[in-house]
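Listed below are the residues making up each chain.
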Amino acid sequence: MNISFLLLKDFRNYRHLELRLEPGVTLFFGRNASGKTNLLEACYYLSSLSSVRAERDHDLCRWGAQEFSVGCRVDHKETSKTIKIRVVVEPSLRRKVTVEDVTVRKSDLIRVLPAVYFSPDDLYMIKRSSASRRRFLDSLLGRIDPEYGRRLSRYQDALTRRNNVLKKIRTDPSWRKTLESLDGILVESGSMVIARRLRAMGDLRKEVSETYAFIAERPCDVAYSSSIGVGGGGDEPGVESISRTFHERLLASREEEMARGITLSGPHRDDIVLTLGGKEVRYFGSQGEQRSAALALKIAESKMLEAVFGRKPVLLLDDVLSELDEERRKKVLSLWDFGHQILITSTDPIEGLSPKLAEFRVQGGTAEPYRGGA
Ligand SMILES: Nc1ncnc2c1ncn2[C@@H]1O[C@H](COP(=O)(O)OP(=O)(O)OP(=O)(O)O)[C@@H](O)[C@H]1O
Ligand SMILES: [Mg+2]
């Protein structure tokens, strides 16, 4: 599967850009602030209707413009489909998303164009707090399974309300009744979230460990660490058993939660723990090991999307290769050269990257084909 044509209108620093793309590896090179990340961001937006960095669609609209459009043609085997997204940001946000001129939902885009975005910031996913690893898993599951996203927002909504009530109880005990009814929603939605995450962990674990072994020649293990103490054994527990454990945990920590005014256990406190030789990569891994672990998570994401959608995701590698040594660079590209379209950015042309390489020079909101300085 590959993007064969890309169109940007008033997207970030691009006024109007039309690009023909080939399958295989395409490099976009250019100076800082020329628009390389913006190009990959547009591709990711076509896959997910969300940005790799902006919170709001307003930020994607070229400054001074009131609307923007992105579109692409995606070739897969003998078929070809056109995705068009038009977003009006002023005076109020309106989005129109079509595939073959038929209006579709956000979750339909990934079926046509699965994509995975990599950036050097992915390292933080390993180094930083559990929130970044939960975000990784939630974002992956949300794309695979829209129902997961709905349950997670229901859970987060109940959690916010519950934390407010816990604070109020300290001065007004009549709020206890509300707490009990919120516990019901929290446990119900939270248990489904945990069960879905545990189910995904089986695939994630296999893919991460295989990929890590390929890149770095040693195994890496990934496990779900649950704040209510479920999972981790052989058979994954069902939703009912998770609900019971979750509920018991809430009852046991009720006094402490009221004293502190926050919910102390649940999916919002869980983590994914990566270990090498039994030691946590987050604390003991070298910079290279942490980077390889981040890469392994992302490649696992790509494999999981492929398993669900039956297409090899487009890989958007933003300034990633410059961070890797020669050996790892080769391995990463050899791993991905099995039918994935790969779009790479770099500040400079990269020598000997691939015989099938196409290159574009990006500058000031334009991207021109480049043939080795000719
Ligand atoms: N909404 C917008 N409208 C117009 N320009 C924008 C908008 N958002 C960002 N820009 C500008 O786009 C330019 C290019 O940004 P981009 O992140 O794509 O650069 P880059 O080529 O990836 O640079 P680097 O090599 O530093 O990562 C920046 O100068 C930024 O200020
Ligand atoms: Mg950039």
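What you see is a predicted model; the values in this text were computed from it and never measured.

About the thresholds
- Residues numbered from 1 in each chain as written.
- Chains lettered and ligands numbered in written order.
- Predicted model: local features only at pLDDT ≥ 70, side-chain atom pairs only at ≥ 80, totals over all residues.
- Helix = DSSP H or I, 4+ residues; strand = E, 2+ residues; numbered from the N terminus.
- Buried ≥ 20, exposed ≤ 12 C-beta atoms within 10 Å, placed from the backbone.
- Contact = placed C-beta atoms within 7 Å.
- Near = placed C-beta within 6 Å.
- Nonpolar A, V, L, I, M, F, W, Y, C, P; charged D, E, K, R; others polar.
- Pairing = 2+ DSSP bridges.
- Domains from an automatic or database assignment.

1. Focus on the overall build of the protein
Here is step 1 of the chain: Scanning the protein for helices and strands turns up eleven helices and 15 strands.
Here is step 2 of the chain: Based on the C-alpha atoms only, the size of the protein along its principal axes is roughly 75 × 55 × 40 Å.
Here is step 3 of the chain: Burial status across the protein gives 38% buried among its 374 residues.
Here is step 4 of the chain: Residue pairs in contact within the protein that sit at least 24 positions apart in sequence constitute 69% of those at least 6 positions apart.

2. Looking at the site of ligand 1
Here is step 1 of the chain: Of all residues adjacent to ligand 1, which total 16 residues, the nearest are Asn32, Ala33, Lys36, Thr37 and Asn38.
Here is step 2 of the chain: Looking at the shell around ligand 1 residue by residue, the classes come out as three nonpolar, eight polar and five charged.

3. Examining the pairing of strand 14 (residues 358-363)
Here is step 1 of the chain: Note: strand 3 (residues 25-29) against strand 14, four bridges, orientation parallel. Residue pairing in the sheet places Phe28 in a bridge with Phe360 of strand 14.
Here is step 2 of the chain: Note that strand 14 and strand 15 (residues 366-369) share four bridges and pair antiparallel. Residue pairing in the sheet places Val362 in a bridge with Ala367 of strand 15.
Here is step 3 of the chain: Adjacent in sequence and paired antiparallel, strand 14 and strand 15 are bridged by two residues, among which Gly364 carries a positive phi angle near 45 degrees.

4. Section: the domain arrangement of the protein
Here is step 1 of the chain: The assigned domain composition of the protein is domain 1 (2-114 + 311-369) and domain 2 (125-284).
Here is step 2 of the chain: A C-alpha centroid distance of 32 Å is found between domain 1 and domain 2.
Here is step 3 of the chain: Of all the elements in the fold, those that place two or more residues in the side of domain 1 that touches domain 2 are helix 2 (106-112) and helix 11 (326-336).
Here is step 4 of the chain: Among the elements that line the side of domain 1 that touches domain 2, the one with the most residues is helix 11, at four residues.
Here is step 5 of the chain: Along the lines of polarity and charge, the residues of the side of domain 1 that touches domain 2 split into three nonpolar, two polar and two charged.

5. Some points on the sheet that holds strand 4 (residues 67-76)
Here is step 1 of the chain: As summarised here, the arrangement of the six strands in space is 2-1-4-5-6-7, forming an open sheet in which the pairing is antiparallel. Here the strands that pair on one side only, and so sit at the sheet edges, are strand 2 (14-20) and strand 7 (102-103).
Here is step 2 of the chain: Bridge analysis of strand 1 (residues 2-11) against strand 4 gives seven bridges, and the strand direction is antiparallel. Among the inter-strand pairings, Lys9 is bridged to a residue of strand 4, identified as Ser69.

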